[in-house]
Amino acid sequence: MKYQSAITHLECTLTGEHFDASHPHRTNPANGKPLFARYDLEKAKATLTKDSLADRPTNMWRYREVMPVIDDANIITLGEGGTPLIKADRLAQATGMESVFIKDEGVNPTGSFKARGLGAAVSKAKELGQMRLTMPSAGNAAGAMSAYAAVGGMEAHVFMPKDAPIANKVECEAYGAKLTLVDGFITDAGQMSQRAAEELGLFDVSTLREPYRAEGKKTMGYEIVEQLGFEVPDVIVYPTGGGTGIVGIWKALDEIEQLGWIGSERPRMVCVQAEGCAPLVAAYDKGEEFAEPFPDPRTLAAGMRVPAAIGDFLVIRAVRESRGTAVTVSDEEMVDGMVEMARTEGVFAAPEGGATLAAMRKLIVEGSISKDERVVLLVTGNAHKYLDMLPSGMF
Ligand SMILES: *Cc1c(COP(=O)(O)O)cnc(C)c1O
């Protein structure tokens with residue numbers, strides 16, 4: 001063990017109350033709010049230096065000190081992370097911008113950035129002796145959990161709405177998970193997963209209902225800063241469902257400042273949601289701290305079809321503190337974004353990725369992104385898993 005985790009404790013994101021990180025906590029039992037892993041960053045800083053990065057692995061575990069797993073033997077990795085930050089010059093030209101980047105998370109194991117979150121969460125669950133996992137998922141999270149559980153020799157239970165993309169169902173079964181198709185929404189699947197957790201003694205790794213998926217996803221923030229030569233971009237455009245990624249990146253930036261790699265400068269965080277499922281945008285627009293559940297959620301982008309997010313206040317906080325914004329795009333605009341990204345940059349983005357381009361275009365027209373700003377579009381997954389969902393005639 002050349003480098004060691006500097007994890008110290010878990011902290012309630014609402015009250016700041018501390019919890020012991022050596023126990024399998026999920027949320028704060030008193031208020032049901034998410035817990036964040038905290039680290040001794042002074043200690044981490046001694047070894048996690050810019051210079052030391054040169055000879056570290058090119059996956060997300062390169063930021064070893066700020067990852068939650070203590071014993072290296074518990075790390076289950078498929079090489080997640082280390083994804084390219086593509087300088088999208090043709091796309092920049094087409095949108096009248098000087099500098100646009102695509103962070104292409106579609107090249108991750110299992111085809112989406114869910115590999116980061118579940119790579120971290122499944123590894124930590126193993127370390128905490130939780131060998132039987134469950135989650136509700138409408139898509140990519142389930143595949144990622146199932147793959148990491150397979151490698152870890154663990155049991156995976158998945159509760160999935162039956163209208164989920166075919167690829168997501170098939171991959172879970174291929175990885176050996178126990179798949180239950182649910183006639184209902186993701187919220188119904190969530191209730192079934194919770195019941196199964198209680199009845200069968202399974203550990204529920206739903207997003208932000210355990211502390212470590214955010215730790216995996218935060219590594220996108222570390223990578224973006226590192227790939228920009230230890231600078232932050234002006235804007236990060238993020239397709240938001242449960243919000244783990246946007247919240248994780250925002251957390252990472254604070255850690256990175258404390259590590260001394262950047263100062264107090266921050267990108268503006270843009271939360272993009274689908275018109276047919278936009279609880280966080282609605283709450284942001286109304287100036288509220290928490291979001292109301294979004295009735296009858298509908299969108300092609302399964303990863304953004306999350307009508308109620310437990311980390312709602314954390315997403316809204318990140319957007320406000322960063323002086324960013326929250327916008328919706330239609331499914332049609334997402335698909336146009338996918339096609340344009342494919343044709344200009346050769347990136348076959350999931351609809352969620354297409355949504356970031358549609359959002360950037362809107363914000364340019366509105367005047368809230370200017371031509372000379374550096375924008376990072378988070379392409380969270382690959383379109384290959386959505387082929388059966390795409391509208392016919394989109395090309
Ligand atoms: C899960 C998912 C999202 C939403 O991610 P959060 O971090 O939970 O908001 C976006 N895009 C894709 C492709 C996803 O699978």
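Sequence positions are assigned chain by chain, starting from 1 and proceeding in written order. For a predicted model such as this one, the threshold for reporting local features is a pLDDT of at least 70, and the threshold for listing and counting side-chain atom pairs is 80 or more; totals across whole chains, interfaces and linings nevertheless cover every residue. Hydrogens and waters are ignored; side-chain quantities use all the structure's heavy atoms.

**Focus: the side chain of S123**
The test is simple: Helix and strand assignments follow DSSP, with helices taken as H or I runs no shorter than four residues and strands as E runs no shorter than two, numbered in order from the N terminus. Relative accessible area decides the class of each residue, using a 1.4 Å probe on protein chains only: under 20% of the type maximum gives buried, over 50% gives exposed, and in between gives partly exposed. The definition of a polar contact used here is a pair of N or O atoms within 3.5 Å, where within protein one atom must be able to donate a hydrogen and the other to accept one, and adjacent residues in sequence count solely through side-chain atom pairs. It only takes one pair of heavy atoms within 4.5 Å for two residues to be counted as in contact.
Structurally, S123 is set in helix 3 (residues 114-127). Under the relative-accessibility criterion, S123 is labelled buried at 0%. Within the structure, the side chain of S123 is placed 2.7 Å from the backbone oxygen of G119, a separation counted as a polar contact. In this structure S123 touches W61, V69, N74, I75, I76 and L118, once residues within four positions along its chain are discounted.

**Observations regarding the packing of helix 11 (residues 331-345) against helix 12 (residues 351-366)**
Definition in use: Inter-axis angles, ranging from 0 to 180 degrees, are taken between N-to-C directions of lines fitted to C-alpha atoms, where helices are fitted over the stretch in contact. Working rule for angles: under 35 degrees goes down as roughly parallel, over 145 as roughly antiparallel, 65 to 115 as roughly perpendicular, anything else as oblique. Lys, Arg, Asp and Glu make up the charged group, whereas Ala, Val, Leu, Ile, Met, Phe, Trp, Tyr, Cys and Pro make up the nonpolar group; the residues left over, Gly among them, are polar.
Packing of helix 11 against helix 12 brings their axes to within 7 Å, and their N-to-C directions diverge by 95°. Taken together, helix 11 and helix 12 sit at an angle that is classed as roughly perpendicular. Packed against helix 11, whose contacting residues are E333, M334, G337, M338, E340 and M341, the element helix 12 presents P351, G353, G354, A355, T356, L357, A358, R361 and K362 at the interface. Here the residues of the contact of helix 11 with helix 12 sort into seven nonpolar, four polar and four charged.

**Brief notes about the pattern of salt bridges**
Basically, it comes down to this: By definition, a salt bridge exists where a carboxyl oxygen of Asp or Glu is found within 4 Å of a side-chain nitrogen of Lys or Arg.
What the rule picks out here adds up to 25 salt bridges. Salt bridges linked by common partners bring K103, E105, R116 and E223 together as one network.

**Quick look at the state of the cysteines**
Basically, it comes down to this: Any cysteine sulfur atom paired with another within 2.5 Å is treated as part of a disulfide.
Taken as a whole, this structure holds zero disulfides when the rule is applied. Here C271 is not cross-linked by a disulfide; its sulfur's nearest cysteine counterpart is in C277, at 11 Å. C271 gets classed as buried once you look at its relative accessible area, which sits at 1%.

**Considerations on the site of the ligand**
How we decide: The near set for a molecule or strand comprises every residue that places at least one heavy atom within 4 Å of it. Using the Shrake-Rupley algorithm and a 1.4 Å probe, accessible areas are obtained, with residue cover drawn only from the displayed protein chains.
Taken together, 17 residues lie near the ligand, and K114, Y238, G241, G243 and T380 sit nearest. Between the ligand and the protein, one listed contact pairs an oxygen atom with a backbone N or O atom of G243 at 2.7 Å. In the model, an oxygen atom of the ligand is placed 2.8 Å from a nitrogen or oxygen of the G245 main chain. When the ligand sits alone it has 390 Å² of accessible area, and the protein chains cover 97% of it. For the shell around the ligand, the secondary-structure elements that each account for two or more residues are strand 10 (235-239) and helix 8 (244-258). By residue class, the composition of the shell around the ligand is four nonpolar, ten polar and three charged.

**What about the packing of helix 8 against helix 10 (residues 312-321)?**
Definition in use: By convention, the crossing between two helices is left-handed when the near helix turns anticlockwise from the far helix through less than a right angle, and right-handed when the turn is clockwise.
Following both chains from N to C, one finds helix 8 and helix 10 inclined at 50°, their axes separated by 9 Å at the closest point. On the basis of their axis angle, the class for helix 8 and helix 10 is oblique. For the element pair helix 8 and helix 10, the recorded crossing hand is left-handed. Of the residues in helix 10, those in contact with I246, V247 and W250 of helix 8 are L314, V315, A318, V319 and E321. Residues of the contact of helix 8 with helix 10, tallied by class, amount to seven nonpolar, no polar and one charged.

**With respect to the side chain of S193**
For S193, the position within the fold is in helix 6 (residues 186-200). With near-sequence residues (within four places) excluded, S193 lies in contact with T134, M135, P136, F159 and D204.

**Some thoughts on the pairing of strand 8 (residues 178-182)**
Note the following rule: The pairing criterion for strands is at least two bridges between them, as found by DSSP. Crossovers are described as right-handed under a simple rule: with the strands pointing away from the observer, the path leading from the first strand over the helix to the second runs clockwise.
Inspection of the sheet shows strand 7 (residues 155-161) paired to strand 8 by five bridges, in the parallel sense. Bridged to H157 within strand 8 is K178. In terms of handedness, the path from strand 7 via helix 5 (residues 166-174) over to strand 8 forms a crossover that is right-handed.

**Describing helix 3**
Put simply, the test is: Each residue after the first adds 1.5 Å to the expected span of a helix.
Taking 1.5 Å per residue as the helical rise, helix 3 with its 14 residues ought to reach 20 Å, and the 20 Å between its terminal C-alpha atoms agrees with that figure. Two residues or fewer after helix 3 comes G129, characterised by a positive phi angle close to 80°.

**Thoughts on the sheet that holds strand 7**
Across a sheet, strands are paired by hydrogen bonds formed along the backbone, either parallel or antiparallel in direction. Spatial ordering of the open sheet is given by 8-7-6-9, a layout of four strands whose pairing is parallel. Looking at which strands have only one partner, the edges of the open sheet turn out to be strand 8 and strand 9 (203-204). Pairing of strand 6 (residues 132-136) with strand 7 involves five bridges; the strand directions are parallel. Residue pairing across strands places M135 opposite V158, the latter belonging to strand 7.

**Regarding the packing of aromatic side chains**
Applied cut-off: Side-chain rings of Phe, Tyr and Trp, where Trp is taken by its six-membered ring, are said to pair if the distance between their centres is within 6.5 Å; with planes under 30 degrees apart they count as stacked, over 60 as edge-to-face, and otherwise as tilted. Here, over-ring charges are defined by two tests on the NZ atom of lysine or the CZ atom of arginine: distance to the ring centre within 6 Å, and angle to the ring normal within 35 degrees.
This structure, assessed with the given rule, holds six aromatic pairs. A ring pair is formed by F290 and F313, whose centres lie 5.3 Å apart and whose planes are at 50°; its orientation type is tilted. Remark: F313 occurs in helix 10 and F290 occurs in the loop between helix 9 (279-285) and helix 10; sequence separation between them is 23 residues. For F290, a relative accessible area of 30% puts it in the partly exposed group. When the ring centre of F230 is taken as reference, the NZ or CZ atom of K50 above it lies at 4.8 Å. Positioned above the aromatic ring of Y212, the side-chain terminus of K124 is 5.7 Å from the ring centre.

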